[in-house]
Amino acid sequence: MRALSSALTLCIAIAFCTPSAIYVSLPGYAFKTNPKCQRHVPKTQFDIRCDWPRLGFKDFTPPLVTVLGI
């Protein structure tokens, strides 16, 4: 039962930590961005409200997650 609870908690954490599909790569933008967001900085700079990941890694691509998460 403890292993099932741990696995369920891990799955929920992964589900909430993955980005939604609103962040896309656009030509001329340095970071993956939400095209519907009102930017406050130029598109070549990181905007914490509109860009992802929140730390601002340029050209970031999240790793692929397989069935087991490995």
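Located above this text is the structure these notes cover.
Residues numbered from 1 in each chain as written. Predicted model: local features only at pLDDT ≥ 70, side-chain atom pairs only at ≥ 80, totals over all residues. Heavy atoms only, no water.

**So, the state of the cysteines**
Here's step 1: The final tally for this structure, using the stated rule, is 1 disulfide.
Here's step 2: Note on cysteine connectivity: cysteine 37 is disulfide-linked to cysteine 50, with sulfurs 1.9 Å apart. Disulfide cysteine 37 to cysteine 50: torsion about the S-S bond roughly -65 degrees, handedness left-handed. Of this pair, cysteine 37 sits in the loop between β1 (32–33) and β2 (51–52) while cysteine 50 sits in the loop between β1 and β2; the two residues are 13 residues apart in sequence, bridging distant segments of the chain.
Here's step 3: Cysteine 37 gets classed as partly exposed once you look at its relative accessible area, which sits at 22%.
Here's step 4: By relative accessible area, cysteine 50 is classed as buried at 0%. (Disulfide = S-S within 2.5 Å. Helix = DSSP H or I, 4+ residues; strand = E, 2+ residues; numbered from the N terminus. Buried < 20%, exposed > 50% of the residue type's maximum accessible area, 1.4 Å probe, protein only.)

**Things to note about the packing of aromatic side chains**
What describes a pair of aromatic rings is the distance from one ring centre to the other and the angle between the planes of the rings.
Here's step 1: This structure, assessed with the given rule, holds 1 aromatic pair.
Here's step 2: Aromatic pair phenylalanine 31 and phenylalanine 46: ring centres 5.1 Å apart, planes at 80 degrees, arrangement edge-to-face. With phenylalanine 31 in the loop between α1 (2–17) and β1 and phenylalanine 46 in the loop between β1 and β2, this pair connects stretches of sequence that are 15 residues apart.
Here's step 3: Classification of phenylalanine 46 by relative accessible area gives partly exposed; the value is 25%. (Phe/Tyr/Trp six-rings, centres within 6.5 Å; stacked < 30°, edge-to-face > 60°.)

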